[in-house]
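# Topology and contacts: notes
Single-letter residue listing:
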Amino acid sequence: MNLARKWRSRHFDEVVGQSLVVRLVKNSLFRNAIFPAYLLSGTRGCGKTSIARIFAAALNCHALKEFQKSPQGQQFPCLECTSCLAMQSMNHPDFMEIDAASHTGVDNVRQIVDASSFVPVLGGKKIYLIDEAHMLSKAAFNAFLKVLEEPPSSVVFMLATTDPHKILETVSSRCFNLFFEPVAHDAIVGHLQMICERESISCDRDALMLIARESTGSMRDALNLLERLRIAYQSITKSSVVELMGSVDDDRVCQLLLTIAKGSARDVLLMCEKLDLKKQNAVLLWKKIIELLRSCLWLKNDVSVEGLPVHGQVTEIAQLCSYGKLIGFFELCYTYEPLFSKTAAPHALLEMMFLKMAQVEEDTTQKPSVSARVTNNRPITGGAGPNDSTSSGIQSRAASSTSTSRTISVNSRTPGSVVMSDSATMVNVAPLSNNSSELQKGPLKGSEDIPPVEIHQTAQSQWAACLQEIVKLKDPLIVSIFRQAGVPVFEVEAKTVTVTFPEDILFFKDMLESTKKKWLPLFVRFYQEGVAVIPLFTGGAPKERPLKNTATVKPVSSTRSAQEENTTFNKDSEKWQKSHMILDLFPGTITVVPDKENL
């Protein structure tokens, strides 16, 4: 018999890592408050089926009354009575365990419902354990509803599942829910150590800790891995666990991360060749990198690490890399995660990911893009005035490194561009107005990674230019909505543009969101890459605009002439406010229809 079956828990005191669930079940038995249906949900190998069987044995155990009188200091279930012995041999006539994965139909459920009407044979309760209950069909669940809500008094249903979200709400609401947490790392290590002593297995503690970490909270997975190691090795060590799983040793991956953190692409490739990573599983190596980076982030924030590798090299990586750089590593790794299942060359993809990680700069997540604006006659120079926050940000960025100076000036022959004198790089920017002064030449010391400076006009002219491009979308409804907006508020550091619309057009909010792909690129173009647009419908009524389209009135036979109606319509703007706004936003005509009394 394998270890997982041999060391399956038989009574409540042997259950590992589920103290809350055990307390709920034992208190229910002590108070004789038995619910007709239970839903046991949790990850694989956390003890759902084991506790369900122990609970079923306890319901029919002959020592139940003694337990209710004195619950302390006794083993329960007793494992000695006729009912308990029948449960251990899985021959109990009142306990039925059903695999819902192979009995998914409504006919199977109807058989259970019909059989539940019979009285118990050996004990006081008839128990139905339905494992993998989420595999039942919708029709089968619906057939279960009535009997779950009002079952016979002698019947208890237990539904076990690893995916509670697939259980119908109508079923879940009729059950007493027991949630199983993944078994804690220390609990797995302690249980494995006890089994090794009982089974005379030679295994060091580092190997047990690695087994517990790889099992991710599943006691069954940990026992199965220990079983494989016992068969393969006479003495189980950490290196033997790494070899059996095809994983990579922590020290080797730490050497690779240290090389990546130093930023040399050549050294990264040499380290990949030295460690011979082609012989390792690419997905397992990716997981190991994520695990070590997570350890570094926890150490960086002075948080104790439980179940994660922590040693000298991990501490060195955490000290060498800034918080922003570690976050950049994380984001890059998760960007490449979905590509491993699609590529035929996973190791080449890993090398590409390592080279990209070596290019991640310090504090990349904390540096907003630099944007400079020119308003009226305010120049941008190499220095920074006391009130110029943007120029100050550029100067502080440039002062962080020592490199050759760079002069920024305006190319008079090419309006709307800036020339970097040392590299002759053209940077496209918004054209300056006639009143704006030329950029003064000034040395700006900085490294080669200084971002291009975007120069914009005033907020009004910037919004007007953006609005002109929105008009070119040839979508009248979008154009009319944005024409009613006020001048947006652009926050550079937050990368947000807040656009305020009149409150009375709130019903266009969903339409604006559904057409975001059309107009959002224009905001990115005129404001900043990666900018987010926040629409607010809190403004007042739209301003009165001069009437561009004259309404034409069809001649009708009435006491008042069409000319009089048209004149009244044009002059009385307060009475016809909405009509004037519609004519301003949409081309067309409005016909004044007289009252029926005047016909």
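Data block above holds the structure.
So, here's what we can say about the structure. These figures come from a predicted structure and were not determined experimentally.

### Focus: the overall build of the protein
From N to C terminus, the protein includes 25 helices and 16 strands. Burial statistics for the protein: of 599 residues in total, 42% are counted as buried. A separation threshold of at least 6 residues defines the contact pool for the protein, and within that pool the share at least 24 residues apart is 71%. Counting every atom, the protein has about 32,600 Å² of accessible surface; 51% of that belongs to carbon and sulfur.

### With respect to the packing of aromatic side chains
Taken as a whole and assessed by the stated rule, the structure comprises 19 aromatic pairs. Taking the centre distance of 4.3 Å and the plane angle of 5° together, the rings of Phe67 and Phe76 count as stacked. As far as burial versus exposure is concerned, Phe67 and Phe76 are alike and both buried. Linked through ring pairs, Trp463, Phe482, Phe490, Phe501, Trp519, Phe523, Tyr527 and Phe537 together constitute an aromatic cluster.

### Describing the sheet that holds strand β1 (residues 37–42)
Reading across the sheet, the five strands line up as β2-β3-β4-β1-β5 and stay open at both edges, with parallel pairing between neighbours. The open sheet is flanked by β2 (95–99) and β5 (176–180), the only strands paired with a single partner. Averaged over all neighbouring strand pairs, the angle between strand axes comes to 15°, with direction disregarded. Taken together, the five bridges between β2 and strand β3 (residues 126–131) define a ladder with parallel strand orientation.

### Some thoughts on the pattern of salt bridges
Scanning all chains against the criterion turns up 17 salt bridges. Taking the shortest distance from any N to any O, the salt bridge between Arg53 and Glu97 comes out at 3.0 Å. Here Arg53 is found in helix α3 (residues 48–59), whereas its partner Glu97 is found in strand β2, with 44 residues between them in sequence. The closest approach of N and O atoms between Lys288 and Glu214, which form a salt bridge, is 4.0 Å. Linking Lys288 in helix α15 (residues 282–300) with Glu214 in helix α10 (residues 205–215), this pair joins segments that are 74 residues apart in sequence. For Glu214, a relative accessible area of 27% gives the class partly exposed. Among the charged side chains, a salt-bridge network with shared partners connects Lys6, Glu199, Glu227 and Arg230.

### Brief notes about the nonpolar core
In this structure, Leu257, Ile260, Ile289, Met353, Phe354 and Met357 are the most contacted members of the largest nonpolar core, which totals 40 residues. Going through the elements one at a time, α13 (250–262), α14 (265–275), α15, α16 (312–320), α17 (323–336) and α18 (346–358) are the ones with two or more residues in this core. Residues Ile51, Ala56, Met87 and Met158 belong to the second largest nonpolar core, which totals 34 residues.

### With respect to the packing of α13 against α16
Contact geometry of α13 with α16 gives a least axis separation of 9 Å together with a crossing angle of 15°. The pairing of α13 with α16 is recorded here as roughly parallel in orientation. For the element pair α13 and α16, the recorded crossing hand is left-handed. Two secondary-structure elements touch here, α13 through Asp251, Cys254, Gln255, Leu257, Leu258, Ala261 and Lys262 and α16 through Gln313, Val314, Glu316, Ile317 and Leu320. Along the lines of polarity and charge, the residues of the contact of α13 with α16 split into seven nonpolar, two polar and three charged.

### So, the environment of Arg8
Residue placement: Arg8 occurs in the loop between α1 (3–6) and α2 (19–31). When the C-alpha atoms of Arg8 and Thr49 are compared, they prove to be 9.9 Å apart, with 41 residues separating the residues in sequence. Residues contacting Arg8, with those up to four places away along its chain left out, are Glu14, Thr49, Ser50 and Arg53. Among the polar contacts made by the side chain of Arg8, one reaches the side chain of Ser50 at a distance of 2.8 Å.

### Notes on the state of the cysteines
With the rule as written, the count across this model stands at zero disulfides. With no disulfide of its own, Cys321 lies closest to Cys296 among cysteine sulfurs, the gap being 7.0 Å.

### Regarding α14
All of the buried residues in α14 are Val268, Met271, Cys272 and Leu275. Within α14, the buried residues cover an arc of 100° as seen down the axis, which keeps them to one side. What points out from α14, more than 90 degrees from its buried face, is the exposed set Arg266, Glu273 and Lys274. Buried positions along α14 lie against α13 and α18.

### Regarding the pairing of strand β4 (residues 155–161)
Residues in a regular strand point their side chains to alternate faces of the sheet. Judged by how many residues are buried, β4 sits mostly within the fold: seven of seven residues are covered. Taking every second residue as pointing to the same face, both faces of β4 are buried, with Val155, Phe157, Leu159 and Thr161 on one and Val156, Met158 and Ala160 on the other. Two strands pair when backbone bridges link them, and β1 and β4 are joined in this way by five bridges, in the parallel orientation. Bridge assignment links Leu40 to a residue of β4, and that residue is Ala160. Bridging between β3 and β4 involves five bridges; their strand directions are parallel. Across the sheet, the residue bridging to Lys126 is Val155, located in β4.

### Digging into helix α9 (residues 185–199)
For α9, built from 15 residues, the straight-helix expectation of 21 Å at 1.5 Å per residue is met to within 8% by its first-to-last C-alpha distance of 21 Å. Within α9 the residues assigned to the buried category are His185, Ile188, Val189, His191, Leu192, Ile195, Cys196 and Glu199. Down the axis of α9, the sector holding all buried residues measures 170°, keeping them to one side. Those residues of α9 that are exposed and aimed more than 90 degrees away from the buried face are Asp186, Glu197 and Arg198. Looking at the packing, one finds that the buried side of α9 touches α1, β6 (202–203), α10 and α11 (219–232). The positive-phi residue at the C-terminal boundary of α9 is Ser200, with phi of around 60°.

Thresholds, definitions, all that
Each chain carries its own residue numbering, running from 1 in the written order of its sequence. Owing to the predicted nature of the model, reporting of local features is limited to residues with pLDDT of at least 70; listing and counting of side-chain atom pairs is limited to 80 or more, with chain, interface and lining totals taken over all residues. Only hydrogens and water are removed before side-chain values are computed, so all heavy atoms of the structure are retained for them. Secondary structure elements are taken from DSSP: a helix is a run of H or I of four residues or more, a strand is a run of E of two residues or more, and numbering for both begins at the N terminus. We call a residue buried when its accessible area falls under 20% of the maximum for its residue type, exposed when it is over 50%, and partly exposed in between, using a 1.4 Å probe and counting protein chains only. Contacts were defined at the residue level, with two residues in contact if any of their heavy atoms lie within 4.5 Å. Computed with a 1.4 Å probe, the accessible areas rest on the Shrake-Rupley method; for each residue, only the protein chains presented here act as cover. Each aromatic pair joins two rings of Phe, Tyr and Trp (for Trp, the six-membered one) with centres within 6.5 Å, and gets the label stacked for planes under 30 degrees apart, edge-to-face for over 60, and tilted for any other angle. Pairing between two strands requires that DSSP report at least two bridges joining them. In this analysis, axes come from line fits to C-alpha atoms, helices being fitted only over the stretch in contact, and the angle between any two N-to-C directions falls in the range 0 to 180 degrees. Put simply, a salt bridge is a Lys or Arg side-chain nitrogen that is within 4 Å of an Asp or Glu carboxyl oxygen. Take the buried Ala, Val, Leu, Ile, Met, Phe, Trp, Tyr and Cys residues and link them wherever side-chain atoms come within 4.5 Å; each set so joined is a nonpolar core. Here is the rule for angles: anything less than 35 degrees is roughly parallel, anything more than 145 is roughly antiparallel, 65 through 115 is roughly perpendicular, and the remaining ranges are oblique. Note on convention: the crossing is left-handed when the near helix lies turned anticlockwise from the far helix by less than a right angle, right-handed when the turn is clockwise. Three residue categories are used. Nonpolar comprises Ala, Val, Leu, Ile, Met, Phe, Trp, Tyr, Cys and Pro, charged comprises Asp, Glu, Lys and Arg, and polar comprises the others, including Gly. Pairs of N or O atoms are called polar contacts if they sit within 3.5 Å, as long as, within protein, a hydrogen donor faces a hydrogen acceptor (for residues adjacent in sequence, only side-chain-to-side-chain pairs). We call a pair of cysteine sulfur atoms a disulfide whenever their separation is within 2.5 Å. By arc we mean the arc of the directions from the helix axis to the C-beta atoms, nothing more. A helix's residues, less one, multiplied by 1.5 Å, set its expected span.

Take it as geometry only, folks, not as evidence of what the structure does.
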